[in-house]
Amino acid sequence: MKQLRSFILVCIALFSTSITKSQMNDDYYDQLMWGRDTDEALVTKVPEKWKDESAVYLFYYEKYKYRKQSMNNAIDEEIYFRSRIKLLDQAAVNVYSQLSMDKIRNSVWGGNANYLGIKIIKPNGNFRIISEYDFVETKSKQNGYRAQRTMKLALPNLAVGDIIDTYYVSINSYTTIPRNLDIAFNPVMKLLQKEYPILHGELIINPERKTYFNAKSINGAPLPDSVENEKWKNYVYQYRDIEKTSIDQMVFPLREYPGIIYQIIMTTKDKASRRNDFLGENGVLKSEISLDELKGQLLKLTDFENIDSYAETMSRTCYSKVKKQLKNNPSKSEILEDCFYFLRHYLYFKYTYYYNQITSMSSYIPDYNFIMAFSNILDRFKIQHEIGLATDRRYGIDLGEKNDAILSSQLVPFIRIIEDSTIITYPSTNSVYGENTSMIEGTNALILDKKTATLKYPTFRFDSLKISLPNDNLIIDSINITLGDLKNPEVKINENYSCKGNLRLINYNLIVPFFSTYHNESNEYLKYNTFSKADLNKIKEYEEGLGKYREEYLAERHNNVLQYLRFSQSVEDIDLDTVIVNSFGRWAKEDTLKYYLEYSYKSGINVAGNYYLVDIGKFIGRNKEFTKEELDRKVDIYNPSPVKYNWVITMDIPEGYKIESVKDFNYKVDNSEGSFNCSAKIADNKLIINARKIYKKNFSKKEKWPEVLEFLQAALDFTQKQVLLSPVN
């Protein structure tokens, strides 16, 4: 009877919420978002200094609200957004003439709802209101098999001088249990600068008073004013005259541009002490992380008695299985690699069948708990190591007595093996043991000597983490070209591509479907021959389940590679025939991703009488081009890693034709920041070009920009190169 009564009360609460939400219709949100205008929100004139801009945000407003529902065991995250943008030239009009977005959900079940409003205001003050119902819904395929509904709308009457006033409201609810309350909303890292200047901006963060709130203003962003009552506390960030972002290449924006970083966590006091976050006092804004807090976090990573139960199970299972499998006094490297790949598999694959263990589902384990678990495994194997904290290069500056980090997600916990300085971080599906981690390379990390962790005065030190070398991140692209005859001019290409190091994972997203990764994983473990017939049947059954998506996955990959080639070589009429992955590069013994492409097109060759003119330079793909504004660089220079590109282009010279000279393909630019060099020769009736581009550093001060431009411009010049084939007689 008690259970039935509880069920009825929950249903009544949900029904009440639905009634309330349904009354909050579009008119309500029109009034809420458009009907309470401040003076700043009604400005229509653009300052003289921005009269030559393409568009200007006259008003840019965001509000994020976090609250507990009074009638339900649920948490609401409410997002309110509004912008007024004035279109100042035809380019901006063209951008906004076609609107496209994900389908708006106006369902109220469970308290979730989205609302949209668009108002087009003419210079004379007349306006037209557009709602979501004016959009046309379309359906597209994404990731091969998931249907994605989108909404599209054409605005044919837009003109220079119009103002587009848009609002968007999103209300999302999350069910919780009061006594087990432990919700961390996603970290928010928000840049104030946009693609157009902002005349007046306002960001409001509105958490309930009894929440943990970490926030920091970075790179000159304003500090908040607080407005509060008994239950709520608004943190209001006001800003004006924000210039547009002028540089979006070779930069980590959160290192250079004004922004607000924050996170809201709702949890009990007891659970707060066990989280891996740097929480302050409940209901009080926290904007600094002390060095003592960083040290405390490292010490917490050695406290295996308080590890998360999932991570503890993973650690215990990994140790026992690897120890059982590896016999005859295995080396440290064998133990480390085996443990790493066991844990990689455990984290990401639905069935874990390593060493005859089958687990129905893998479990998500936070990165801090992963490091704690792996460290415990190494302790059991008596492998000496250190534990450290580094800042993610994209999100903050190096650690020290003072630092700009405010969220645990800005930091990267890691293990460093004493014997060879190998660094281990949370793996991805395709991570390789021993490879460098680009996001922390070269950063100043806080290190704990684990042997002293249990002492009264543990030993900490700061240490700069090593930076990989260009050859560690090597891309080799061998391109073979055959030309059609003069009556049917066509370029046929077969391309062998290999990539290792930090850029390998980017290529994975383009070229390797998930089912292929899974098959590669299972093939590796099947070699151990420790599976029963029943286990083998489960493996086969799951792979067959993935196989039903095979054709759709491959079709999607084919389309992705085709679009990449069209963009890379600035050619639209490409026919892609073949895509073959020759090596997955997912293991230390085979750490290079290799694949093969065959494709052709007609627009890369020009015929003039009896002459061929071939755009040979485009085969190395697009190289960086910079706008006039980007050439005058005012921010520092960032790259994921040092990297080396090596292109070998071999073109068959058609019978009866010759190339007069290749001297234009022999040149070199080399300086402290990077290099580009090219050499060419003719042998066995083939043109053979070797081109190499090297980024020597992952970071440089802005004063080095002229040297960076020097070798990048040399590479860009090569992409414009052509070769002339003339008749022998």
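Report follows, based on the coordinates.

The rules behind the values
Residues numbered from 1 in each chain as written. Predicted model: local features only at pLDDT ≥ 70, side-chain atom pairs only at ≥ 80, totals over all residues. Heavy atoms only, no water. Helix = DSSP H or I, 4+ residues; strand = E, 2+ residues; numbered from the N terminus. Buried < 20%, exposed > 50% of the residue type's maximum accessible area, 1.4 Å probe, protein only. Contact = heavy atoms within 4.5 Å. Areas by Shrake-Rupley, 256 points an atom, 1.4 Å probe, with all protein chains shown as cover. Pairing = 2+ DSSP bridges. Expected span 1.5 Å × (residues − 1). Phe/Tyr/Trp six-rings, centres within 6.5 Å; stacked < 30°, edge-to-face > 60°. Lys NZ or Arg CZ within 6 Å of the ring centre and 35° of its normal. Salt bridge = Lys/Arg side-chain N within 4 Å of Asp/Glu carboxyl O. Patch = residues over 30% accessible without salt bridge, like charges linked within 9 Å, V, L, I, M, F, W, Y side chains within 5 Å. Lys, Arg positive; Asp, Glu negative; His and termini not counted. Charge placed at Lys NZ, Arg CZ, Asp CG, Glu CD. 1 Å grid on protein atoms, 1.4 Å probe; cavity = no way out; pocket = protein on both sides within 12 Å on 5 of 7 lines; lining within 4 Å. Points joined across faces, edges and corners; volume = space filled by probe spheres on them. Nonpolar A, V, L, I, M, F, W, Y, C, P; charged D, E, K, R; others polar. Arc of directions from axis to C-beta. Core = buried A, V, L, I, M, F, W, Y, C linked by side-chain atoms within 4.5 Å. Polar contact = N/O pair within 3.5 Å; in protein donor to acceptor, adjacent residues only side chain to side chain. Axes fitted to C-alpha atoms, helices over the stretch in contact; angles between N-to-C directions. Parallel < 35°, antiparallel > 145°, perpendicular 65-115°, else oblique. Left-handed = near helix turned anticlockwise from the far one by under 90°. Disulfide = S-S within 2.5 Å.

**Observations concerning the overall build of the protein**
Each helix and strand counted, the protein has 15 helices and 35 strands in total. Counting all 729 residues of the protein, 51% fall into the buried class. Taking contacts inside the protein between residues at least 6 apart in sequence as the whole, the part at least 24 apart equals 75%. When the accessible area of the protein is evaluated, it comes to approximately 35,600 Å², of which 49% is carbon and sulfur surface.

**With respect to the pairing of strand 31 (residues 667–670)**
Relative to strand 32 (residues 674–683), strand 31 runs antiparallel, the two being bridged by 4 bridges. Directly across from Y667, in strand 32, lies its bridge partner C678. The hairpin turn running from strand 31 into strand 32, its antiparallel successor, is 3 residues long.

**Things to note about helix 11 (residues 514–526)**
An ideal rise of 1.5 Å per residue puts 18 Å on 13 residues; helix 11 measures up with 18 Å between its terminal C-alpha atoms. For helix 11, every residue scored as buried is listed here: F515, S516, T517, Y518, N520, E521, S522, E524 and Y525. At its buried positions, helix 11 is contacted by helix 8 (332–348), helix 10 (504–511), helix 12 (533–547) and helix 13 (550–569).

**Focus on the sheet that holds strand 26 (residues 605–608)**
Taken together, the 4 strands give an open sheet; going across it, the order is 26-27-35-30, and neighbouring strands pair in antiparallel fashion. The open sheet has two edge strands with one neighbour each: strand 26 and strand 30 (657–658). Judged from the 4 bridges that link them, strand 26 and strand 27 (residues 611–614) form a sheet pairing that is antiparallel. Bridge pairing links V607 to Y612 in strand 27.

**Quick notes on the packing of aromatic side chains**
What the rule picks out here adds up to 30 aromatic pairs. Measuring from ring centre to ring centre gives 5.0 Å for Y28 and Y29, while their planes differ by 85°; the resulting arrangement is edge-to-face. Note on Y29: relative accessible area 2%, which makes it buried. Between Y645 and W647, the aromatic rings sit 5.6 Å apart at their centres with planes inclined by 5°, giving stacked as the arrangement. On the accessibility criterion, W647 (6% relative accessible area) is buried. Through a chain of ring-to-ring contacts, the aromatic side chains of Y57, Y60, F81 and Y196 assemble into a single cluster. In this arrangement the basic side chain of K119 is found over the ring face of W34, its NZ or CZ atom lying 4.4 Å from the centre. We note K693 situated over the ring of Y645; from NZ or CZ to the ring centre the distance is 5.3 Å.

**Overview of the pattern of salt bridges**
Scanning the entire structure with this criterion turns up 34 salt bridges. In this structure, R67 engages E78 in a salt bridge whose closest nitrogen and oxygen atoms are separated by 2.7 Å. Here R67, found in strand 1 (residues 55–68), pairs with E78, found in strand 2 (residues 74–87); they are 11 residues apart in sequence, far enough to count as distant. Between K686 and D652 there is a salt bridge; the shortest N-O distance is 2.6 Å.

**Section: a negative patch on the surface**
A surface patch of like charges, here negative, comprises E572, D573, D575 and D577. Taking relative accessible area as the criterion, E572 reaches 61% and is therefore assigned exposed.

**Some details on the layout of surface pockets**
Looking at the second largest pocket, its volume works out to about 1,000 Å³. Forming the boundary of the second largest pocket are 35 residues, of which L503, Y564, R622, K624 and Y645 lie nearest the centre. Taken together, the elements giving at least two residues each to the lining of the second largest pocket come down to strand 22 (474–483), strand 23 (491–499), helix 10, helix 13, strand 25 (593–601), strand 29 (643–652) and strand 33 (686–695). If one sorts the elements of the lining of the second largest pocket by residue count, helix 13 sits on top with 5 residues. Taken together, the residues of the lining of the second largest pocket sort by class into 22 nonpolar, 7 polar and 6 charged.

**Considering helix 12**
With 15 residues, helix 12 extends 21 Å between its outermost C-alpha atoms, agreeing within 8% with the 21 Å of an ideal straight helix rising 1.5 Å per residue. Buried within helix 12 are the following residues: D535, I539, Y542 and L546. Down the axis of helix 12, the smallest arc covering the buried residues is 65°, so these residues share one side. For helix 12, exposure combined with an orientation more than 90 degrees from the buried face picks out K533, K540, E541 and E544. Along its buried surface, helix 12 packs onto helix 11 and helix 13.

**Some details on the nonpolar core**
One finds I481, F619, M651 and L725 to be the most contacted residues of the largest nonpolar core, which totals 63 residues. Among the elements that make up this core, the one with the highest residue count is helix 15 (residues 705–719) (8 residues). The contact partners of M651, leaving out residues within four places of it in the chain, are I481, L483, V614, I616, I659, N685, K686, L687, V723 and L725. Membership of the second largest hydrophobic core comes to 54 residues, among which are L343, Y346, F374 and I377.

**Brief notes about the environment of T267**
As for its position among the elements, T267 is in strand 15 (residues 259–267). For the pair T267 and N180, spaced 87 residues apart in sequence, the C-alpha separation works out to 7.8 Å. Here T267 is in contact with L181, D182, Y212, A272 and R275, once residues within four sequence places are set aside. Of the polar contacts made by the side chain of T267, one reaches the side chain of D182; its length is 2.8 Å.

**Quick notes on the packing of helix 11 against helix 12**
Where helix 11 contacts helix 12, the two axes come as close as 10 Å, and the packing angle between them is 165°. Taken together, the axes of helix 11 and helix 12 lie roughly antiparallel to each other. You can see that helix 11 and helix 12 cross each other, and the crossing is left-handed. Between helix 11 and helix 12, the residues in contact are F514, F515, Y518, H519, S522 and L526 and L536, I539, Y542, E543 and L546, respectively. Within the contact of helix 11 with helix 12, the residues separate by chemical class into 8 nonpolar, 2 polar and 1 charged.

**What to know about the state of the cysteines**
All told, the structure shown has 0 disulfides when counted by the stated rule. C339 supplies the cysteine sulfur nearest to C318, a cysteine that is in no disulfide, at a spacing of 4.0 Å. Take C318: its relative accessible area is 0%, and that puts it in the buried class. Judged by relative accessible area, C339 falls into the buried class, the value being 0%.

**Considerations on the sheet that holds strand 20 (residues 444–448)**
A sheet is described by the order of its strands in space; here 5 strands give the open sequence 19-18-17-20-21, paired in antiparallel fashion. At either end of the open sheet lies a strand with only one pairing partner, and these are strand 19 (423–424) and strand 21 (460–464). Both strand 20 and strand 21 contribute to a ladder of 5 bridges, which runs antiparallel. Within strand 21, the position partnered with A445 by the bridge is D463.

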